[in-house]
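Now for the letters of each chain:
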Amino acid sequence: MNQLSQIEAMLFVVGEEGIGLEELAFSLNRPIPEVYQNILDLKELYENKEQSALTILEVGNHFVLTTKKEFASLLKEFARSPMANRLSQAALETLSIIAYRQPVTRAEIDELRGVQSSGAVQTLVARQLIEEKGRVEGPGRAILYGTSDYFMDYFGLKDMKELPDVQKMEDDLADEAEPLDLFYDRFKEEDE
């Protein structure tokens, strides 16, 4: 496992939020100038390789693994296709968390779901169902996500208060679960 592969893996995992040079150097236990040079080398490798659709962008003080500009029209067309209109279970879970907990960071979403959510967040941003609502103050300045106006229109909501009440849904599910206990009545009769 060489350093370029390690950087590539880190950039892939952090997703659209990217990663700062200092954080990357710390994670890899390498000097900052060396890691910066490795990033430049990896970017050059992507740029010079026709078979690669990837590149690295420097956004602010973060580096982001993304697709090359020449693939933009292809990806936009895919996003509009009927095949791309379905949301995965992961995207639906992520959208629910954002809708009920907004504004929320991707790390908070990951913690609630128990799995990494960058792909789902990217899908929801691409579909314009969520958007950046600001950044957290402090180290890393993580992006805060919230629902978009398109989300409101798509789901026919005038106000976020129109979202179904989570506690009521949980209570309804609990009420429905009791009759499903096939042995409850039998054991109750035996105890009497």
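Before going into details, it helps to say that this report is about the structure given with it.

Thresholds applied
- Throughout this description, residue numbers start from 1 for each chain and increase along the sequence as written.
- Local features in this predicted model are restricted to residues whose pLDDT is 70 or higher, and side-chain atom pairs enter the listing and the counts only when it is 80 or higher, whereas totals over whole chains, interfaces and linings include all residues.
- Each side-chain value is derived from all of the structure's non-hydrogen atoms; neither hydrogens nor water enter the calculation.
- In this text, helices come from DSSP runs of H or I with a minimum length of four residues, and strands from runs of E with a minimum of two, each type numbered from the N-terminal end.
- For every residue, the accessible area (1.4 Å probe, protein chains only) is compared with the maximum for its type, and the residue is labelled buried under 20%, exposed over 50%, or partly exposed between those bounds.
- Every residue pair with non-hydrogen atoms within 4.5 Å of one another is taken to be in contact.
- To measure how exposed things are, a 1.4 Å probe is used in the Shrake-Rupley method; for residues, cover is taken only from the protein chains shown.
- A pair of strands is treated as paired once DSSP finds two or more bridges between them.
- Helix axes use the C-alpha atoms of the stretch in contact, all axes being lines fitted to C-alpha atoms, and the angles between their N-to-C directions lie in the range 0 to 180 degrees.
- What is meant by a nonpolar core is a set of buried Ala, Val, Leu, Ile, Met, Phe, Trp, Tyr and Cys residues, joined one to another through side-chain atoms within 4.5 Å.

A word on the overall build of the chain. Within the chain, the regular secondary structure consists of ten helices and six strands. Classification of the 192 residues of the chain by burial places 29% in the buried group. Put simply, of all contacts in the chain between residues at least 6 apart along the chain, 45% involve residues at least 24 apart. Of the accessible surface of the chain, which amounts to about 13,500 Å², a share of 54% is contributed by carbon and sulfur atoms.

With that settled, consider the side chain of Thr-147. Structurally, the position occupied by Thr-147 is in strand β6 (residues 143–147). Thr-147 sits in the buried class, given a relative accessible area of 6%. Thr-147 has contacts with Ile-98, Ala-99, Gln-102, Leu-129, Ile-130, Glu-131, Lys-133 and Met-160, leaving out every residue within four places of it along the chain.

Glancing now at the sheet that holds strand β3 (residues 62–67). Strand order in the open sheet formed by three strands is β1-β3-β2, and the pairing between neighbours is antiparallel. Every other strand in the sheet has two partners, leaving β1 (19–20) and β2 (54–59) as the edge strands with one partner each. Packed onto the sheet, helix α3 (residues 32–48) meets β2 and β3 and runs at close to 140° relative to β2.

Another point: the nonpolar core. Within soluble globular proteins, side chains that are nonpolar tend to cluster in buried spots. In terms of nonpolar packing, the biggest core is built from 18 residues, with Leu-95, Ile-98, Ile-109, Leu-124, Ile-130, Tyr-145 and Phe-151 touching the most fellow members. Among the secondary structure elements, those contributing two or more residues to this core are α5 (89–101), α7 (118–126), β6 and α8 (149–154). Ranked by the residues each element gives to this core, the list is headed by α5, at five residues. Setting aside residues up to four positions removed in sequence, Leu-124 forms contacts with Leu-87, Ala-91, Thr-94, Leu-95, Ile-98, Leu-129 and Ile-130. Counting 15 residues, the second-largest nonpolar core is a separate cluster that includes Val-35, Leu-42, Phe-63 and Leu-65.

What follows covers the sheet that holds strand β4 (residues 104–105). Here three strands make up an open sheet; going across it, the order is β4-β6-β5 and the pairing antiparallel. Where the open sheet ends on each side, the last strands, each with one partner, are β4 and β5 (130–135). Taken together, the five bridges between β5 and β6 define a ladder with antiparallel strand orientation. Directly across from Gly-134, in β6, lies its bridge partner Leu-144.

On to the pairing of β2, then. Note that β2 and β3 share six bridges and pair antiparallel. Bridging from a neighbouring strand, Leu-54 pairs with Thr-67 of β3. Remark: two residues form the turn of the hairpin made by β2 and β3, two consecutive strands paired antiparallel; Gly-60 in that turn has positive phi of roughly 65°.

Everything listed here is a matter of coordinates, which is why it stays silent on function.
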